[in-house]
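Chain and residue survey
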Amino acid sequence: MKRSYVLIALCAAAVGCAVSTQQEVQMGQQYSTQLNSTLPVVTDPAIQSYINQLGDSIAKLTGRADLDWKFFVVNTDVVNAFALPGGYIYVNRGVIERATAMDELAGVMGHEIGHVVKRHSVKQMQTQQGANVGIALTCVLTHVCDSQASQAAIQVGGAAVFAKFSRQDEKEADEEGFKNVIRAGISPNGLVSFFQKLMSLEKGGGSAVDAWFSDHPLTEDRIADIQKLIDSKDPAMLRTLTQDSPAFHQFKDRVHALPPGPKPKAATP
Ligand SMILES: [Zn+2]
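Residues numbered from 1 in each chain as written. Predicted model: local features only at pLDDT ≥ 70, side-chain atom pairs only at ≥ 80, totals over all residues.

**Digging into the overall build of the protein chain**
Selection rule: Secondary structure elements are defined from DSSP: runs of H or I of at least 4 residues count as helices, runs of E of at least 2 residues count as strands, and each element is numbered from the N terminus. Exposure classification rests on a simple neighbour count of other C-beta atoms within 10 Å of a residue's own: a residue reaching 20 or more is buried, one at 12 or fewer is exposed, and one in between is partly exposed. C-beta atoms are placed from the backbone. Residues are defined as contacting one another if the C-beta atoms placed from their backbone atoms lie within 7 Å.
Looking only at helices and strands, the protein chain features 14 helices and three strands. Taken over 269 residues, the protein chain has a buried fraction of 47%. Taking all contacts inside the protein chain whose residues are at least 6 apart in sequence as the whole, residues at least 24 apart take part in 75%.

**Quick look at the sheet that holds strand β2 (residues 81-84)**
Spelled out, the test is: DSSP calls a pair of strands paired once it identifies at least 2 bridges connecting them. Every axis corresponds to a line fitted to the C-alpha atoms, with the helix fit spanning only the stretch in contact, and the corresponding angles, defined between N-to-C directions, vary from 0 to 180 degrees.
With mixed pairing, the three strands of this open sheet are ordered in space as β1-β3-β2. With partners counted over all chains shown, the strands left at the sheet margins are β1 (70-74) and β2, one partner each. Averaged over all neighbouring strand pairs, the angle between strand axes comes to 20 degrees, with direction disregarded. Sheet topology note: the β1/strand β3 (residues 88-92) ladder contains five bridges and is parallel. When the bridges of β3 are listed, F71 appears paired with I89. Sheet strands touched by helix α3 (residues 45-59): β1 and β3. Its angle to β1, the strand with the most contacts, is close to 130 degrees.

**What about the packing of helix α9 (residues 167-183) against helix α12 (residues 220-231)?**
Put simply, the rule is: Any angle that falls under 35 degrees is termed roughly parallel, while one over 145 is termed roughly antiparallel, one within 65 to 115 roughly perpendicular, and all others oblique. Each helix crossing is assigned a hand: it is left-handed if the near helix lies turned anticlockwise from the far helix by less than a right angle, otherwise right-handed if that turn is clockwise. Here the nonpolar group is Ala, Val, Leu, Ile, Met, Phe, Trp, Tyr, Cys and Pro; Asp, Glu, Lys and Arg are the charged ones; every other residue, Gly included, is treated as polar.
Between α9 and α12, the shortest axis-to-axis distance is 10 Å and the interhelical angle comes to 30 degrees. Judged on the interaxial angle alone, α12 and α9 are roughly parallel. Every pair of crossing elements has a handedness; the one defined by α9 and α12 is right-handed. On α12, the residues that touch E170, K171, D174, E175 and F178 of α9 are R222, D225, I226 and L229. Grouping the constituent residues of the contact of α9 with α12 by class yields three nonpolar, no polar and six charged.

**A look at the pairing of β3**
Among the five residues in β3, five count as buried, and that is most of the element. Burial along β3 is two-sided: Y88, Y90 and N92 and I89 and V91, pointing in opposite directions, are all buried. Hairpin connection between β2 and β3: a loop of three residues separates the two successive antiparallel strands, and G86 in this loop has a positive phi of roughly 90 degrees.

**Regarding helix α5 (residues 102-117)**
Every α-helix winds through 3.6 residues per turn, so residues three or four apart in the chain are directed the same way. The following threshold applies: A helix is expected to span 1.5 Å multiplied by its residue count minus one.
Under the 1.5 Å per step criterion, the end-to-end length of α5 is 22 Å for 16 residues, consistent within 8% with the ideal 22 Å. A large share of α5 lies buried, amounting to 16 of its 16 residues. Looking at the residues trailing α5, positive phi occurs at R119, about 55 degrees.

**Some thoughts on the environment of A59**
Tracing the chain through its elements places A59 in helix α3. Among the residues examined, A59 registers 26 C-beta atoms within 10 Å and is labelled buried. Spatially, the C-alpha atoms of A59 and N180 are 7.4 Å apart, while their sequence positions differ by 121 residues. If we ignore the near neighbours within four places in the chain, the residues touching A59 are W69, G87 and I113.

**Observations concerning the packing of α5 against α9**
At a minimum axis distance of 7 Å, the contact between α5 and α9 shows a crossing angle of 120 degrees. Viewed along their axes, α5 and α9 adopt a mutual orientation that is oblique. For the pair α5 and α9, the sense of crossing is right-handed. Between α5 and α9, the residues in contact are A106, G107, G110, H111, I113, G114, H115 and V117 and D169, E172, A173, D174, E176, G177, N180 and V181, respectively. Residues that form the contact of α5 with α9 fall into these classes: five nonpolar, seven polar and four charged.

**With respect to the confidence of the model for the protein chain**
Applied cut-off: Each residue carries a pLDDT score, the predictor's confidence in it, ranging from 0 to 100.
On average, the protein chain scores 80 in pLDDT, and the residues at 70 or more come to 75%. For the stretch residues 129-161, pLDDT sits under 50, and the model shows 90 contacts to residues farther than four places along the chain or on other chains.

**Side note on the nonpolar core**
Keep this limit in mind: The nonpolar core criterion groups buried Ala, Val, Leu, Ile, Met, Phe, Trp, Tyr and Cys residues into a set whenever they are joined through C-beta atoms within 7 Å.
Counting 56 residues, the largest nonpolar core has V73, V91, L105 and M109 as the members making the most contacts within it. Per-element accounting of this core gives the leading share, eight residues, to α5. With near-sequence residues (within four places) excluded, M109 lies in contact with L54, G55, I58, I89 and V91.

**Details of the environment of N75**
When you line up the elements, N75 lands in the loop between β1 and β2. The class of N75 is buried, set by 22 C-beta atoms lying within 10 Å. C-alpha separation for the pair N75 and V41, spaced 34 residues apart in sequence, amounts to 6.0 Å.

Quick look at the structure:
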């Protein structure tokens, strides 16, 4: 719990509770180090290399290109992705395996990158004043709570703040995600098709997508809003954007060949 006190102290000490980029990066780094020691993060170099390449191709063209962006694949079938402040992006295997083309994965990553670009977690910390500090992080994010090591991550207080965003923040991250992928030369249609897929999985009662819906409330309205953004663009320009790539499918095959991660357990946050 020590770190959460640091966080509150940091927040309380600062005038107007302003968090500098340096502080934001430090926090992200601390949480990321703790998370990586408890989450089943994939270490395969080829997988790591692709997710970094795709992530950087999007993040390095945003207004926060200066951040030292880090991308991780988590070996769990739970469909979820999340961002820590300072540019630490986590994508679960469950997302990658359900993405049928590169633009779907890119859309999810563009959305998470959008949360960091808009500093949503920092904003939340500033307004909530640590109200959520103490909520179990790992369980909330991935629902992988059965190992002793994962239990230790429950000590990572406060970071759940970074995973739950308001509807307004989600809308903003969608808009950012839309802009982020286009800037990177990637089709924004993947954002819509992946969200639609999640909606139908949810309707079908698929529990693998529960985590996604609790962290990123997804509605038909949100999808319609992204579609409106797409419709506002020149179709000729949209046709020039990349939808898929052989490298993505090689990456996906490699992820698919990984041994299964720890079995997800019902969340008890
Ligand atoms: Zn989100």
